[in-house]
Amino acid sequence: MKSLKEMYRIIQFPKYGDERGSLVVLEGDHIDIPFEIKRVFFIYVNDVTEVRGKHANRDSELVLVCASGKCKVRVSDGFEEEIVELHDSRKGLYIAPMCWKEMYEFSSDAVLLVVSSEHYRAEEYISDFAQYQAIMREGREEEAN
């Protein structure tokens, strides 16, 4: 099992621009995004107190980019957690499979772009944190033996 520090990292995207404005590029095929892109979606909220995510994906690798505004992302391996603030469209948060994630404290103008390595499949989601912790604990115990 990976440690929490191995389950996420910040990716810096190139920025181009001139007097007309700026352009941030996210290219797939392991150029900027470290996987083949199969799905892209946006998260925006009407209620800034809403918490999104609250799950782990068994197979999906994700990159989260706050294209507008800001939000916080809590990542966990079931034992420890870190909080990452996304507020720069040139930075993405890579999240490995089996990393728990919760997105919250969205600014009123926040638009969170999510790039995924997998198509949607409901069965790959673990939405119960206690169940997630049990799976991660079992994985660590198996590795120790």
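None of the values given here were measured: they were computed from a predicted structure.

**A short note on the sheet that holds strand β7 (residues 71-76)**
Phase 1 of the analysis: Taking strand neighbours across the sheet as the criterion, the five strands line up as β8-β7-β10-β5-β12 in an open arrangement whose pairing is antiparallel. Only two strands of the sheet have a single neighbouring strand rather than two, namely β8 (81-86) and β12 (125-126).
Phase 2 of the analysis: Sheet topology places β7 next to strand β10 (residues 100-104); five bridges connect them, and they run antiparallel. Counted as the bridge partner of Val-73 is Met-103 from β10.

**A few points about the sheet that holds strand β6 (residues 62-68)**
Whether parallel or antiparallel, the strands of a sheet pair through hydrogen bonds between backbone atoms.
Phase 1 of the analysis: Taken in spatial order, the five strands of this open sheet run β1-β9-β6-β11-β4, and their pairing is antiparallel. Bordering the open sheet on either side are β1 (8-12) and β4 (39-43), each of which pairs with just one other strand. The average angle at which neighbouring strand axes cross in this sheet is 25°, direction not considered.
Phase 2 of the analysis: Where β6 and strand β9 (residues 91-95) come together, four bridges link them in antiparallel fashion. Across the sheet, Val-63 pairs through a bridge with Tyr-94, a residue of β9.

**Topic: the side chain of Lys-101**
Phase 1 of the analysis: Inspection of the secondary structure assignment puts Lys-101 in strand β10.
Phase 2 of the analysis: For Lys-101, the residues in contact, after removing those within four places along its chain, are Arg-52, Gly-53, Lys-54, His-55, Ala-56, Asn-57, Leu-62, Arg-74 and Ile-95.

**What to know about unusual backbone geometry**
Most of the time, phi is negative for any residue but glycine, and the peptide bond is trans.
Phase 1 of the analysis: Of note in the backbone geometry, Asp-29 takes a positive phi value of approximately 55° without being a glycine.
Phase 2 of the analysis: Within the secondary structure layout, Asp-29 lies in the loop between β3 (21-24) and β4.
Phase 3 of the analysis: A positive phi angle is found at His-30, which is not glycine, with a value near 70°.
Phase 4 of the analysis: For His-30, the position within the fold is in the loop between β3 and β4.
Phase 5 of the analysis: Residue His-30 is classed as exposed on the basis of its relative accessible area, which comes to 58%.

**Notes on a negative patch on the surface**
Phase 1 of the analysis: Residues Glu-138, Glu-141, Glu-142 and Glu-143 make up a contiguous surface patch of negative charge.
Phase 2 of the analysis: Looking at the element boundaries, Glu-141 is found in helix α2 (residues 129-144).

**Some points on the layout of surface pockets**
Phase 1 of the analysis: In this model, the largest pocket occupies a volume close to 210 Å³.
Phase 2 of the analysis: The set of elements that each furnish at least two residues to the lining of the largest pocket consists of β4, β5 (52-57), β6, β10 and β11 (111-116).
Phase 3 of the analysis: Among the residues forming the lining of the largest pocket, the class breakdown is nine nonpolar, five polar and four charged.

**A word on the packing of aromatic side chains**
Phase 1 of the analysis: Across all of its chains, the model carries four aromatic pairs by this definition.
Phase 2 of the analysis: Pairing Trp-100 with Phe-129 gives two aromatic rings, centres 4.9 Å apart and planes at 70°, and the pair type is edge-to-face. Pair noted here: Trp-100 is in strand β10 and Phe-129 is in helix α2, with a separation of 29 residues, a long-range link.
Phase 3 of the analysis: Seen from their ring centres, Tyr-120 and Tyr-125 are 5.5 Å apart, and the 50° between their planes marks the pair as tilted.
Phase 4 of the analysis: One aromatic cluster in this structure is built from Trp-100, Phe-129 and Tyr-132.
Phase 5 of the analysis: The ring of Tyr-94 carries Arg-9 above its face, with NZ or CZ at 4.4 Å from the centroid.

What counts as what
- Residues numbered from 1 in each chain as written.
- Predicted model: local features only at pLDDT ≥ 70, side-chain atom pairs only at ≥ 80, totals over all residues.
- Heavy atoms only, no water.
- Pairing = 2+ DSSP bridges.
- Helix = DSSP H or I, 4+ residues; strand = E, 2+ residues; numbered from the N terminus.
- Axes fitted to C-alpha atoms, helices over the stretch in contact; angles between N-to-C directions.
- Contact = heavy atoms within 4.5 Å.
- Buried < 20%, exposed > 50% of the residue type's maximum accessible area, 1.4 Å probe, protein only.
- Patch = residues over 30% accessible without salt bridge, like charges linked within 9 Å, V, L, I, M, F, W, Y side chains within 5 Å.
- Areas by Shrake-Rupley, 256 points an atom, 1.4 Å probe, with all protein chains shown as cover.
- Salt bridge = Lys/Arg side-chain N within 4 Å of Asp/Glu carboxyl O.
- Lys, Arg positive; Asp, Glu negative; His and termini not counted.
- Charge placed at Lys NZ, Arg CZ, Asp CG, Glu CD.
- 1 Å grid on protein atoms, 1.4 Å probe; cavity = no way out; pocket = protein on both sides within 12 Å on 5 of 7 lines; lining within 4 Å.
- Points joined across faces, edges and corners; volume = space filled by probe spheres on them.
- Nonpolar A, V, L, I, M, F, W, Y, C, P; charged D, E, K, R; others polar.
- Phe/Tyr/Trp six-rings, centres within 6.5 Å; stacked < 30°, edge-to-face > 60°.
- Lys NZ or Arg CZ within 6 Å of the ring centre and 35° of its normal.

Just geometry here; none of it tells us what the structure is for.
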